[in-house]
Amino acid sequence: MLIIKPGILAFYSPHILADKHQHAALQLVWPGTQGHWQLNTEKGTGPLLIAPQAEHDLAAEQCWIILLEPLSVAGKHALQHMNGQLLVSLPGLASAADSTELLAALSHLLGLDKQAFNLQITDSRLLRLQQQLDQCFNGGCIKPSQWRARDIAAGLALSESRFLHLFREQMHMPWRPYLLWRRLLCAVQALHQGKSATNAAQDAGFADSAHLSRTFRRHFGLSVREAVQLARN
């Protein structure tokens with residue numbers, strides 16, 4: 001079971017073993033009624049929030065693994081729950097049986113409305129850019145050959161420095177790490193739709209499938225194929 005939306009990647013796994021890694025996303029490990037996890041040397045059975053860039057390994061059984069972009073509405077609210085801590089347990093959060101229950105429970109937990117998992121952008125130029133990127137979630141991934149900052153800036157009638165400043169100001173994340181996040185999600189979706197690893201890597205702008213897998217493992221602690229296989233279980 002896999003959820004891919006702008007700002008969120010989530011999948012349910014009967015078993016996951018991720019090597020030590022760190023990533024820009026905020027992570028929620030959410031066990032089912034019989035689930036449990038071990039993070040570094042700590043063990044637990046309840047939901048756990050992991051701060052962005054916190055280095056960790058993870059072994060978990062019967063858990064939802066949820067990754068939130070810190071710049072998304074949901075990510076910002078989740079960070080408020082962290083209060084500067086690297087790990088925060090969330091007692092009282094019920095397990096979810098399916099994706100609809102998952103998003104509803106997350107929205108309730110974080111005090112969000114039904115638009116929680118969409119990005120909030122006030123600048124019309126960045127909104128147009130976001131809409132272009134979101135085409136990837138409608139089955140038509142845009143190859144990022146022209147996604148260099150200077151090309152994007154020119155298309156928005158901005159200088160490169162102004163674009164980079166505006167993007168960071170609006171999105172609370174630099175352009176290049178954000179674009180990499182989106183490319184990784186694009187590749188996961190392509191594989192989940194049945195494309196070959198080579199085609200998925202090409203669609204998302206990676207040199208080849210090995211490059212895609214190395215990059216995904218560096219960010220999430222497992223290969224992109226393992227993530228997709230877990231999502232299909």
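Our structure's up above, just so we're on the same page.
Quick caveat: nothing in here was measured; it's all calculated off a predicted structure. (Residues numbered from 1 in each chain as written. Predicted model: local features only at pLDDT ≥ 70, side-chain atom pairs only at ≥ 80, totals over all residues. Heavy atoms only, no water.)

Quick word on the pairing of strand β6 (residues 56-68)
For clarity, the threshold we go by: By this definition, two strands are paired if DSSP reports at least two bridges between them. The helix and strand labels rest on DSSP assignments: H or I over at least four residues marks a helix, E over at least two residues marks a strand, and numbering proceeds from the N terminus.
Examined bridge by bridge, strand β2 (residues 8-21) and β6 share 11 bridges and lie antiparallel to one another. Bridging from a neighbouring strand, His15 pairs with Glu61 of β6. Sheet topology note: the strand β3 (residues 26-39)/β6 ladder contains 10 bridges and is antiparallel. When the bridges of β6 are listed, Leu28 appears paired with Ile66.

Comments concerning the packing of aromatic side chains
Note the cut-off: Here is the rule: rings of Phe, Tyr and Trp (six-membered ring for Trp) pair when centre to centre is within 6.5 Å. Planes less than 30 degrees apart are stacked, more than 60 are edge-to-face, and the remainder are tilted. Here's how the labels work: a residue is buried when its accessible area is under 20% of the maximum for its type, exposed when over 50%, partly exposed in between, all with a 1.4 Å probe on protein chains only. Charge-over-ring contacts are defined here by two conditions on Lys NZ or Arg CZ: a distance within 6 Å of the ring centre and an angle within 35 degrees of the ring normal.
Inspection of the entire model under this criterion finds 5 aromatic pairs. Judged by centre distance (5.8 Å) and plane angle (70°), the ring pair of Tyr12 and Trp64 falls under edge-to-face. Taken together, the residues span a long stretch of sequence, with Tyr12 in strand β2 and Trp64 in strand β6 at a distance of 52 residues. A relative accessible area of 25% places Tyr12 in the partly exposed class. With relative accessibility at 2%, the residue Trp64 sits in the buried group. Each member of the aromatic cluster is reached from another via a ring pair, and the members are Phe163, Phe167, Trp175 and Tyr178. Seen from the ring of Phe206, Arg183 lies directly overhead, with NZ or CZ sitting 4.3 Å from the centre.

Regarding helix α8 (residues 209-220)
Since the α-helix advances by 3.6 residues per turn, residues separated by three or four positions end up pointing in the same direction. Put simply, the test is: Here the expected length of a helix is defined as 1.5 Å per residue gap, with one fewer gap than residues. This arc is built from the directions going out from the helix axis to the C-beta atoms. Polar contacts, as counted here, are pairs of nitrogen or oxygen atoms within 3.5 Å of one another; within protein the pair requires one atom able to donate a hydrogen and one able to accept it, and residues that are adjacent in sequence qualify only if both atoms are side-chain atoms.
An ideal rise of 1.5 Å per residue puts 16 Å on 12 residues; α8 measures up with 16 Å between its terminal C-alpha atoms. Among the residues making up α8, those that are buried are Leu212, Thr215, Phe216 and Phe220. Projected down its long axis, α8 shows its buried positions confined to an angular sector of 105°, all on one face. Exposed and facing more than 90 degrees away from the buried side of α8 are Arg214 and Arg218. Among the residues of α8, the N-terminal cap falls to Asp208, whose side-chain oxygen and the backbone nitrogen of Ala210 are separated by 3.2 Å. Directly after α8, the chain includes Gly221, whose backbone phi takes a positive value near 85°.

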